[in-house]
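Here is what each chain is made of, one letter per residue.
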Amino acid sequence: MALLTRWRPVVNLISEESFKHVWTRHVADSAQLLSLAPGAHHWVDLGSGAGFPGLVIAIQLADFPNARVHLIESDQRKSAFLREAARATGAPAIAHNVRVENAAEIIPGPVDAVTARAFAPLPRLIAFATLWLDKGAVGVFPRGRIGEADITDFQKHPDYSFDLVESRVDPDARIAIVRNPAAGEGRQRPAER
């Protein structure tokens, strides 16, 4: 937390108001995602920003052999923060200073899960994550409070299945679990310690 406190005002990682609730609004909200992709040890986090959820997931996976979380962030200063935070925590994370549109070129797979939080509307997330979803990865996308427009977004992607899971942190918020049924169950590995 000391790193986030020190870097936040310089890099504009999260707002002052949001920082007051960092443990519940950001850390706990991110930490709950790991259990929604059981056995997933290779993740891609699109638009990582301050490391939510990707860096938090990587910290949780620190004791798993061969675990890896790819943090995709186009802002060079935020990427520098992510590199420093991964180093300081021993998290198995790699910060890539690239645009999300180019991430698939540098991370072709294997990937077990793809996530993004407050990054883009669901149709754009699906487009960015297609390469990995079509190879069996599961999409784990916090969506906040789901409205009618969000339900319509799900219907725009008939090739994918969507499950909405209630957030453990905010009972009014939902997390979209996205799969490509044609890709099977993917390569998810059994949990190792």
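Use the structure listed above.
An account of the accompanying structure is given in this report. Keep in mind that what you see is a predicted model, and the values were worked out from it rather than measured. Sequence order sets the numbering: in each chain, residues are counted from 1 along the sequence as written. Reporting in this predicted model follows two pLDDT cut-offs: at least 70 for local features of residues, and 80 or more for side-chain atom pairs to be given and counted; totals over whole chains, interfaces and linings ignore these cut-offs and use all residues. Excluded from the side-chain calculation are hydrogens and water; included are all heavy atoms of the structure.

Another aspect to go through is the overall build of the protein. The way it works is that DSSP assigns letters per residue, a run of H or I at least four long becomes a helix, a run of E at least two long becomes a strand, and they are numbered from the N terminus. Along its length, the protein carries eight helices and seven strands. Relative accessibility under 20% of the residue-type maximum defines a buried residue, over 50% an exposed one, and the middle range a partly exposed one, all with a 1.4 Å probe and only protein chains included. Every one of the 193 residues in the protein was classed for burial, and the buried ones make up 50%. Throughout, a contact is declared for two residues whenever any of their heavy atoms are within 4.5 Å. Relative to all contacts within the protein whose residues are 6 or more apart in sequence, the contacts with residues 24 or more apart total 68%. What sets the accessible areas is the Shrake-Rupley method with a 1.4 Å probe; for residues, cover comes only from the shown protein chains. Here the protein displays about 9,300 Å² of accessible surface, and carbon together with sulfur accounts for 52% of that area.

For Ser-79, the position within the fold is in helix α5 (residues 76-89). Once residues lying within four places of it in the same chain are set aside, the contact partners of Ser-79 are Glu-73, Ala-95, His-96 and Asn-97.

Moving on: the nonpolar core. To form a nonpolar core, buried Ala, Val, Leu, Ile, Met, Phe, Trp, Tyr and Cys residues must be joined to one another through side-chain atoms within 4.5 Å. Ranked by internal contacts, the top residues of the largest apolar core, which has 26 residues, are Ala-37, Trp-43, Leu-55, Ile-57, Leu-61, Val-69 and Val-140. Secondary structure elements with two or more residues in this core: α4 (54-60), β2 (68-72), α5, β3 (93-96), β5 (138-144) and β7 (174-179). For this core, the element with the highest residue contribution is α5, accounting for four residues. Residues within four places of Ala-37 in sequence aside, it is in contact with Trp-43, Ala-113, Val-138 and Val-140.

Here the focus is the environment of Ala-93. Inspection of the secondary structure puts Ala-93 in strand β3. Spatially, the C-alpha atoms of Ala-93 and Val-69 are 4.6 Å apart, while their sequence positions differ by 24 residues. Look past the residues within four positions of Ala-93 in its chain and what remains in contact with it is Leu-55, Ala-58, Arg-68, Val-69, Leu-71 and Ala-86.

Taking strand neighbours across the sheet as the criterion, the seven strands line up as β3-β2-β1-β4-β5-β7-β6 in an open arrangement whose pairing is mixed. Edge positions in the open sheet fall to β3 and β6 (161-166), since each of these has one partner strand only. Neighbour to neighbour, the strand axes of the sheet diverge by 20° on average, direction disregarded. Sheet topology note: the β6/β7 ladder contains six bridges and is antiparallel. Across the sheet, residue Glu-166 finds its bridge partner in β7, namely Arg-174. One requirement defines pairing of two strands: DSSP has to find at least two bridges between them. In this analysis an axis means a line fitted to C-alpha atoms, helices contributing only their contacting stretch, and an angle means the value between N-to-C directions, from 0 to 180 degrees.

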